[in-house]
Structures are given as structure tokens and as C-alpha cells.
Amino acid sequence: MSDKLFIFDTTLRDGEQVPGCQLNTVEKIQVAKALEVLGVDVIEAGFPVSSPGDFKSVVEISKAVTWPVICALTRAVEKDIDVATEALAYAKRGRIHTGIGTSEYHIRYKFNSTQDEIVERAIAAVKYAKKKVEDVEFYCEDAGRTDNAYLARVVEAVIKAGATVVNIPDTTGYCLPDEYGAKIRYLFEHVDGIHNAIISTHCHNDLGMATANTIQGVLSGARQVEVTVNGIGERAGNTSLEEVAMILQSHKEIGISTNINSRKIYGISRMVSSLMNMPVQPNKAIVGRNAFAHSSGIHQDGVLKNRESYEIIDPKEVGIDESAILLTARSGRAALKHRLSVLGVELDQEKLDKVYEEFLKLADRKKDINDDDVLMLAGKDRTAMHRIKLNYLQVTSGVGLQPVASVCLDIAGEKFEAAASGNGPVDAAIKAVKSIIHRTMTIQEFLIQAINRGSDDVGKVHMQVEYDGNHYYGFAANTDIVAASVEAFIDAINKFVK
Ligand code: KIV
Ligand code: ZN
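Treat the numbers as computed from the prediction; the structure is a model and nothing was measured. (Residues numbered from 1 in each chain as written. Chains lettered and ligands numbered in written order. Predicted model: local features only at pLDDT ≥ 70, side-chain atom pairs only at ≥ 80, totals over all residues. Heavy atoms only, no water.)

Colleague: Outline the overall build of the protein, supporting the account with residue identities and numerical values.
Modeller: Of the regular secondary structure elements, the protein holds 17 helices and 18 strands. Dimensions of the protein along its principal axes, counting C-alpha atoms only, are 75 × 50 × 40 Å. Looking at the protein as a whole, 51% of its 498 residues qualify as buried. Taking as baseline every contact in the protein between residues at least 6 positions apart, the subset at least 24 positions apart corresponds to 64%. Taken as a whole, the protein presents about 22700 Å² of accessible surface, with 51% of it coming from carbon and sulfur. Between the mean site of the 56 positive side-chain charges and the mean site of the 67 negative ones, the protein shows a separation of 3 Å. (Helix = DSSP H or I, 4+ residues; strand = E, 2+ residues; numbered from the N terminus. Buried < 20%, exposed > 50% of the residue type's maximum accessible area, 1.4 Å probe, protein only. Contact = heavy atoms within 4.5 Å. Areas by Shrake-Rupley, 256 points an atom, 1.4 Å probe, with all protein chains shown as cover. Lys, Arg positive; Asp, Glu negative; His and termini not counted. Charge placed at Lys NZ, Arg CZ, Asp CG, Glu CD.)

See below:
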């Protein structure tokens, strides 16, 4: 029988601390409900004393969520614990997460204190919190850089005082995996009563070792992991939830299971990324755009014959419909035929041969070929279905000139023209489009990527546009980056203008 590992999600606390990632209460409730459906055991909903907004979020999340434990962070300070207790009033199962720094850096420089005094403060905080709620977790901040003998003394003291969970954070992401694993083992070997509490990991990713350290902690006896969706969090982030869940699911021999419904992973990853305006890096394990993408001909052929040749996880297991077969000049007919068929286009051999010839010519000019290119090659332009099309675009810009753009849009067969100036050619052109469309929409994300390196390169533009509280994505590729930007904007608009 496998051992159960508790998943403690801190996306809404450690993750939300990141500048620019702040969510309002409604958005936090949306994420909390999705975390519940995902199957997390504990949701750290905020740090109530830190702001009225955090207080309110803990209250509202407590009301909105049924199964997971709702956790509120505090310092080892009575006022913090009082406020957290009040915020948790509606939680079906509430937990206070209190703690204090235990490394010399914290004891000496942050608190100007002594080891003995810190142990006393830790015991007092746990005893005080214990009067308010049954479930009290204690964190030894900067445990990663805390001397093991002293750490064992603190852990033993807080368990005796009633802590149900003890968190061993590698706050600065400094530890090596072996070192972190050895720290957890040391505690199991030297702390009296350690089996009366659950030991938790909380690893930061400053040196890119958060997941490795967390897994090492689990292999050494920890039975709770503190993680965030997409690995967001302070500085380089926290351990990512999806990585830990899929490592344990892929390596059944470890014999540890979680409650995570892995098929919900991709959906919540997209939700958190879009609500927090935090793009996921394309090569991010499990949820990155390229995590299941195969670009070389040999890999593509292998995957099409048998997915497992180059994939250790079936993308469906994490909620992604299928592996992306990237089309490049090295792709064969099989890959092109497959992509067309995914896009709903079936070609006979003769037509496929012709399209393949054209495809190779284009692929020599463009590094990778997207769905629009493929449909265009097959004579089925995706934008042909668009209600709004770019008819023409003319831009004047240069040093010492005010950038000005004129656009003509074709809206359901009728032509509309407008001109505008801006602080650059893209700004001028977007303003001209907006003056025709007359809707309140804002560009939330705007990414221009060159495909190759030359000045004749094709620019790909990804754009996220907010309209009426929803986010719409647009994409375009063009050798003219102003045209690509306007086309991507129009692509997004077509998603909500019916
Ligand atoms: O990284 C850390 O040490 C923390 C604690 C507050 C748990 O986030
Ligand atoms: Zn942290």
C-alpha cells in the first residue's frame, strides 16, 4: 500500500506575494475552488494580519471551499494569531501556520536575539495558537541554513507544545538535494516525538533545485509538501505542484500517492497564469507550451508510431489534448498529414504531395510552421472565417517623425477606415483599429518573437486582450511586425465580436 503525501498549496500566499501577481478576492476564490477540484489537501489562503485584502480573502475562501484545510499564515506574534483566528472563523477545518526564523542570519541580524530566546518564542506561539485551533503548523524559517542540532531542538520543542505539522523551509533555495534530504533524516533520527507531527517541505527555487529538494525531503520521510501552481513564488519561485504530482505518479516504485487529479493540472496552470499575468516559460516541465512538443523529424516519426518513444507522460494525463507535432523543414509527410488531420483537413496522396512541396519551400524560410500556415497551404485559411479582417495598413514612422497609421478593416464585407498617431508605429496602428471597433478592451500581454536571426525574419506575435472581464488570445505571424501586431489584435477581437 502506498503512503499518502499531503499537498499544501501556497499559490494564494507565497505565490501571490510576487509583485504584479496580486489577485482580487473574486479571483482568489476562483483559484481556490479550482485547487479544491484539483484535489489539494491544504490551501494556504493568505497572511490575514498583512492587509485587509488578505484578511477578506481568507474569510471568503473559508466560506467557498469545503474539503481542503484552510490555512492562514502568521508570525510568532499573538496579534497575528488573533487576526488569523478571526479570519478562519468560517473554515470547516482551519489551520494556523505560525513560525519564526531559526538560522543565525535570522536570529542574530533580523531579531537581534539568541537561540534560547527563539525557542521560547516558538513554544509560546504554538501554545497560544493551540488555544485557538487544534491544527497548528510551525515553520522554522530559513531551516535550510539552520544548524541541524539547533533545528532538531526547535522542532522537538514545538511538537511538545502541540504543533501538528512542522515545516522545514529552504527559504533561500540554498540547499543541495542530498543536504536537504539529510536534514530531514537528521530530524527523524534526533527529535523525540517526531512521529507525533507531520514533517513538511517548503523549498524555494533560487538555484533551480526546489523540486529535487522536495522529492529528496519526501524520500527522507516528509509527508507534506508546500507547492505552488506553475512554481510561482518569491524570487525564483517555489516547488511546482505539477512537477511533484507527476514525479510521484510516474515513479510508482516510490510508493507515495497524492489526491491530485492530474487531468486538472493544465487547466489550473492556464488559469493561474492568466489571472496573475505570469506567462509560463515554454520549456516548463509538465505545463510549458513545448512540454509535449516534438520538432525533429526523427522524434516526430517515433511519437507518431508510438507516443512512448519520446514521451514519459501521456499529455491527456495532465489535461492536454495531445502532443504537439511541430512542423519544421525536417518534418516528413507523415507529420504534415497528421497536423492537417488534427485541423480537420484530410487530403488524398496527390494533393498531400503538392502541399508538402509548398510546405518545404515555406519551411526553408520560416523555422517552424504554425497551424495557420498549414491551413493556408492546404487552401483553408483560418482567418477566412473571421468577421473582421485587415484590409490594408499603412504606417509612417522614423526618427524625428510622429508615428501615424492608417488602417482599413473589412467588417462582415463592409469597409471602415481610420487613422491615428501614437508613441510608436504599433501604438498608432492599434489606436486606429480601436477607433473603428469602439469597445473598451485592453492589451494585457504582448509578445513579439523573432523566429530566426536575419532582418528578413518573420515576427510571431502573441497577444492577450481583456474585454468585459474575459481574456482572449490572438496570434499572427508576418515579416512586418507592425502588421503582425495588428493582425494578432484583430485575431483576439474576432474571438468576442460575433
Ligand atoms: O519561505 C519561507 O520560509 C516561507 C515561510 C513563511 C513558510 O514562506
Ligand atoms: Zn516561502
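Colleague: With reference to specific residues and values, describe the packing of aromatic side chains.
Modeller: Aromatic rings in a pair are described by how distant their centres are and how their planes are angled relative to each other. Within this structure, the stated rule accounts for 3 aromatic pairs. On the basis of an interplanar angle of 15° and a centroid distance of 4.3 Å, the ring pair of tyrosine 467 and phenylalanine 496 is categorised as stacked. Residue tyrosine 467 is located in strand β17 (residues 459-467), and its partner phenylalanine 496 is located in helix α17 (residues 481-496); the two are separated by 29 residues in the primary sequence. When the centroid spacing of 4.8 Å and the interplanar angle of 50° are considered together, the rings of tyrosine 472 and phenylalanine 496 count as tilted. Here tyrosine 472, found in strand β18 (residues 470-478), pairs with phenylalanine 496, found in helix α17; they are 24 residues apart in sequence, far enough to count as distant. Residue phenylalanine 496 is classed as buried on the basis of its relative accessible area of 11%. (Phe/Tyr/Trp six-rings, centres within 6.5 Å; stacked < 30°, edge-to-face > 60°.)

Colleague: Which residues make up the pattern of salt bridges, and what are the values?
Modeller: What the rule picks out here adds up to 27 salt bridges. As a salt-bridge pair, arginine 95 and aspartate 135 come within 2.9 Å of each other at their nearest N and O atoms. Within this pair, whereas arginine 95 is found in strand β5 (residues 94-101), its partner aspartate 135 is found in strand β6 (residues 135-141), the two being separated by 40 residues in sequence. Neither arginine 95 nor aspartate 135 differs from the other in exposure class; each is buried. (Salt bridge = Lys/Arg side-chain N within 4 Å of Asp/Glu carboxyl O.)

Colleague: How would you sum up a nonpolar patch on the surface? Please name residues and give values.
Modeller: There is a patch of nonpolar side chains on the surface, built from Ile443, Phe446, Ile448 and Ile481 and spanning about 310 Å² of accessible area. Residue contributions to the nonpolar patch peak at 3 residues, all from strand β16 (residues 441-450). Tracing the sequence through the fold places phenylalanine 446 in strand β16. On the basis of relative accessibility, which here comes to 36%, the residue phenylalanine 446 falls in the partly exposed class. (Patch = residues over 30% accessible without salt bridge, like charges linked within 9 Å, V, L, I, M, F, W, Y side chains within 5 Å.)

Colleague: Which residues make up the sheet that holds strand β14 (residues 404-411), and what values do they have?
Modeller: Sheets are built from strands that pair by backbone hydrogen bonding, the pairs being arranged parallel or antiparallel. If you trace the 3 strands from one edge of the open sheet to the other, you get β13-β14-β15, paired in antiparallel fashion. This sheet does not close on itself; its edge strands, each paired only once, are β13 (388-396) and β15 (414-421). Across the sheet, the mean angle from the axis of one strand to that of its neighbour is 15°, orientation sign disregarded. With 8 bridges connecting them, β13 and β14 associate as antiparallel partners. Across the sheet, threonine 396 pairs through a bridge with valine 404, a residue of β14. Packing of helix α16 (residues 425-437) onto the sheet brings it into contact with β13, β14 and β15, and relative to β14 it is tilted by some 40°. (Pairing = 2+ DSSP bridges. Axes fitted to C-alpha atoms, helices over the stretch in contact; angles between N-to-C directions.)

Colleague: For the coordination of the zinc ion (ligand 2), give the residues involved together with the corresponding values.
Modeller: Within the protein, the zinc ion (ligand 2) binds to Asp14 (OD), His202 (NE2) and His204 (NE2); these donor distances fall in the range 2.0 to 2.2 Å. All donor residues of the zinc ion (ligand 2) come from one chain, and their arrangement in sequence is D-x187-H-x1-H. Taken together, the residues aspartate 14 in helix α1 (residues 11-15) and histidine 204 in the loop between β8 (198-203) and α9 (210-219) connect sequence positions 190 residues apart. Aspartate 14 sits in the buried class, given a relative accessible area of 3%. (Donors = N, O, S within 2.8 Å, 3.2 Å for Na, K, Ca; no water.)

Colleague: Break down the site of ligand 1 for me, citing the residues and quoting the values.
Modeller: Close to ligand 1 lie Arg13, Asp14, His97, Tyr139, Glu141, Asn167, Pro169, Thr171, His202 and His204, which account for all nearby residues. Taking arginine 13, its side chain carries an N or O atom lying 3.0 Å from an oxygen atom of ligand 1. Side-chain polar atom of aspartate 14 to an oxygen atom of ligand 1: 3.1 Å apart, as the coordinates give it. Relative to its unbound accessible surface of 260 Å², ligand 1 loses 92% to contact with the protein. Elements with a contribution of two residues or more to the shell around ligand 1: α1, β6 and β7 (165-170). Its residues assigned to classes, the shell around ligand 1 shows 2 nonpolar, 5 polar and 3 charged. (Near = heavy atom within 4 Å. Polar contact = N/O pair within 3.5 Å; in protein donor to acceptor, adjacent residues only side chain to side chain. Nonpolar A, V, L, I, M, F, W, Y, C, P; charged D, E, K, R; others polar.)

Colleague: Please provide a residue-by-residue account of the nonpolar core, values included.
Modeller: Of all hydrophobic cores here, the largest spans 91 residues; its most connected members are Leu35, Phe138, Cys140, Val155, Val166, Ile168 and Ile265. For this core, the element with the highest residue contribution is helix α7 (residues 148-161), accounting for 9 residues. When neighbours within four sequence positions are excluded, valine 155 is seen to be in contact with Cys140, Val166, Ile168, Leu187 and Val191. (Core = buried A, V, L, I, M, F, W, Y, C linked by side-chain atoms within 4.5 Å.)

Colleague: How would you explain α7 if you had to name every residue and give the values?
Modeller: Taking 1.5 Å as the rise per residue, α7 with 14 residues should run 20 Å; its terminal C-alpha atoms sit 20 Å apart, in good agreement. Taken residue by residue, α7 has Tyr150, Leu151, Ala152, Val154, Val155, Ala157, Val158, Ile159 and Ala161 as its buried positions. Contacts from the buried residues of α7 go to α5 (104-110), α6 (115-132), β6, β7 and α8 (177-190). One or two residues past the end of α7 sits glycine 162, with phi positive at roughly 120°. (Expected span 1.5 Å × (residues − 1).)

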